[in-house]
Amino acid sequence: MASPAKILRGTAANLSRLARLLREGEIVAVPTETVYGLAGDATSAAACRKIFAAKGRPSSDPLIVHIASIRELSRVAHPNAAALRLARAFWPGPLTMILPKTEVIPGAATANLPSVAVRMPSHPLFRRLIRLSGVPLAAPSANPFGYVSPTTAAHVLKSLGRKIRHILDGGPSRIGVESTIVDLRDPGHPVLLRPGAITRSQLSRALGTPVAAIRSRKSSRRAQVAPGQMARHYSPRTPVMLHARLSRSAVAGADPRDAWLFVSRPKGAALPNVFWLDAKGDLRRVSRRLFAALRELDEGGYRAIHVERPKGAGLAEAISDRLTRAASR
Ligand code: TXA
Ligand code: MG
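The model shown is predicted, which means the values in this text are computed figures rather than measured ones.

**What about the side chain of Ser133?**
Then, number 1: Mapped onto the fold, Ser133 is located in helix H6 (residues 124-133).
Then, number 2: Judged by its relative accessible area of 2%, Ser133 is buried.
Then, number 3: Dropping the residues within four chain positions of it, Ser133 is found in contact with Ala19, Leu22 and Arg23.

See the structure below:
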């Protein structure tokens, strides 16, 4: 595409124009509370194919379908009692559920799987756009396949700007890491496929059943359940090295061609190649900042980016998961 995408503010006129384009089968980058998405009509195989083409994503990696109300869930999926319970507890919000799909969702959206990933986002502009378009919207993260997910409209413009025409600007994503994905096809045995801001213990509490982590399953099973859960994902071009703990003194004598990214601000004098995700290491702010920081350091011309892994469960698990993927080559 010759000219770069236009960034549009969320005015009523822009929203109705984008909704019309979506109904006509076009694709549009949209803000969500997790990361920016690349949206198209989930009921249209042609629109879904445009999404895969723009991202350079293999068609074997299924999309997430976004709806604007719990009522719409049964239009795209066959919910069970566990799914309805989680929907009431956590929607709108950063939770995606895997359920058997209905016939309105084409195989092009789900990589021909009989299941579909569904989420009701909380970002007000995106929800308004779903309502106005009148169709469920398939939207993967709006990054070229394998690269770091975007958390601002500028990120989308930078890496996908010549493949798409329109980006709806809804400000920086509030959460900053992709939604939690839980497989609910067997409601008695929920499985966490991707950690996110809604934690495994929150899900277990709401369901009254333990939620298994995908790692506890056999790898053959894993490939079948989540074809898109491949390791190399979210990777900057610069090699990323993960560390359980970074110490400021070790960094002081280290090679200036490397960047060092701490979770919280290290003690001592400032160094030009030492960075941190949040002064106090507040995990919400850390997750909000993570992908922008990786993108910025990727442009810094460093030989390697050394990152400290946050400790603990909950949101730390999601951040740690994304860092592990960023570091795997
Ligand atoms: O926060 C999010 O979830 C963002 C925003 C835009 O909503 N979307 C997102 O989409 O992260 P994407 O495509 O980057 O990641 C979707 C993941 C993929 O790893 C895919 O394999 C998995 O969801 N997935 C989709 N449908 C599935 C299915 N039927 N069974 C198992 N995994 C599925
Ligand atoms: Mg993605």
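**A short note on the packing of aromatic side chains**
Then, number 1: According to the stated counting rule, one finds one aromatic pair in the structure shown.
Then, number 2: Taken together, a centroid distance of 6.3 Å and an interplanar angle of 75° make the contact between Phe275 and Tyr302 edge-to-face. Of this pair, Phe275 sits in strand E14 (residues 274-276) while Tyr302 sits in the loop between helix H11 (283-298) and strand E15 (304-308), and the two are 27 residues apart along the sequence.
Then, number 3: Judged by its relative accessible area of 28%, Phe275 is partly exposed.

**Section: unusual backbone geometry**
Then, number 1: A cis amide bond links Trp91 to the next residue, Pro92, at an omega of -5°.
Then, number 2: When you line up the elements, Pro92 lands in the loop between helix H4 (81-90) and strand E5 (95-100).
Then, number 3: Positive phi, close to 55°, is recorded for Ala111, a residue that is not glycine.
Then, number 4: Here Ala111 lies in the loop between helix H5 (107-110) and strand E6 (115-119).

**Brief notes about the sheet that holds strand E13 (residues 258-262)**
Then, number 1: The sheet built from four strands is open, its strands ordered E12-E15-E13-E14 with parallel pairing. Here the strands that pair on one side only, and so sit at the sheet edges, are strand E12 (240-243) and E14. Strand after strand, the sheet turns through a mean of 25° between neighbouring axes, direction not considered.
Then, number 2: Looking at chain direction, E12 and E15 are connected through four bridges and run parallel. Among the inter-strand pairings, Leu242 is bridged to a residue of E15, identified as Val307.
Then, number 3: Sheet strands touched by H11: E13, E14 and E15. Its angle to E13, the strand with the most contacts, is close to 170°.
Then, number 4: Where helix H12 (residues 315-327) meets the sheet, it contacts E12 and E15, and its direction lies at approximately 135° from that of E12.

**Digging into the packing of helix H1 (residues 12-23) against H6**
Then, number 1: Two elements in contact, H1 and H6, have axes whose closest approach is 8 Å; the angle formed by their N-to-C orientations is 55°. With respect to their mutual orientation, H1 and H6 come out oblique. Relative to H6, the crossing made by H1 is right-handed. Within the contact between the two elements, H1 uses Leu15, Ser16, Leu18, Ala19, Leu22 and Arg23 and H6 uses Leu125, Arg128, Leu129, Leu132 and Ser133.
Then, number 2: Residues that form the contact of H1 with H6 fall into these classes: seven nonpolar, two polar and two charged.

**A word on the domain arrangement of the chain**
Then, number 1: The domain boundaries assigned to the chain delineate domain 1 (6-213) and domain 2 (240-327).
Then, number 2: On a C-alpha basis, the centroid separation for the pair domain 1 and domain 2 is 28 Å.
Then, number 3: At the interface, 24 residues of domain 1 touch 15 residues of domain 2.
Then, number 4: Contact between domain 1 and domain 2 buries roughly 1,600 Å² in total, counting both sides, with carbon and sulfur atoms accounting for 52%.
Then, number 5: Viewed at the interface, domain 2 and domain 1 are joined by two salt bridges.

**A look at the pattern of salt bridges**
Then, number 1: Taken as a whole and judged by the stated rule, the model has 15 salt bridges.
Then, number 2: As a salt-bridge pair, Lys158 and Glu299 come within 3.1 Å of each other at their nearest N and O atoms. In this pair, Lys158 is assigned in helix H7 (residues 153-160) and Glu299 in the loop between H11 and E15, connecting sequence segments 141 residues apart. The same class applies to Lys158 as to Glu299, namely exposed.
Then, number 3: The salt bridge partner of Arg325 is Asp321, with a shortest N-O separation of 3.0 Å. Remark: Asp321 and Arg325 occur in helix H12; sequence separation between them is four residues, near one turn of the helix.
Then, number 4: Given the relative accessible area of 9%, Arg325 is considered buried.
Then, number 5: One salt-bridge network, held together by shared partners, links Glu178, Asp321, Arg322 and Arg325.

**A closer look at the packing of H11 against H12**
Helix-helix packing is characterised by the crossing angle of the two axes and by the distance between the axes.
Then, number 1: For the pair H11 and H12, the least separation of the axes is 9 Å and the interaxial angle reads 15°. By the angle between their axes, H11 is roughly parallel relative to H12. Between H11 and H12 the crossing geometry is left-handed. Judged by residue contacts, Leu283, Arg284, Val286, Ser287, Leu290, Phe291 and Leu294 of H11 engage Leu315, Ala316, Ile319, Arg322, Leu323 and Ala326 from H12.
Then, number 2: In terms of residue class, the contact of H11 with H12 is built from 10 nonpolar, one polar and two charged.

Parameters and conventions
Residues numbered from 1 in each chain as written. Chains lettered and ligands numbered in written order. Predicted model: local features only at pLDDT ≥ 70, side-chain atom pairs only at ≥ 80, totals over all residues. Heavy atoms only, no water. Helix = DSSP H or I, 4+ residues; strand = E, 2+ residues; numbered from the N terminus. Buried < 20%, exposed > 50% of the residue type's maximum accessible area, 1.4 Å probe, protein only. Contact = heavy atoms within 4.5 Å. Phe/Tyr/Trp six-rings, centres within 6.5 Å; stacked < 30°, edge-to-face > 60°. Pairing = 2+ DSSP bridges. Axes fitted to C-alpha atoms, helices over the stretch in contact; angles between N-to-C directions. Parallel < 35°, antiparallel > 145°, perpendicular 65-115°, else oblique. Left-handed = near helix turned anticlockwise from the far one by under 90°. Nonpolar A, V, L, I, M, F, W, Y, C, P; charged D, E, K, R; others polar. Domains from an automatic or database assignment. Buried area = accessible area lost by both parts, 1.4 Å probe. Salt bridge = Lys/Arg side-chain N within 4 Å of Asp/Glu carboxyl O.

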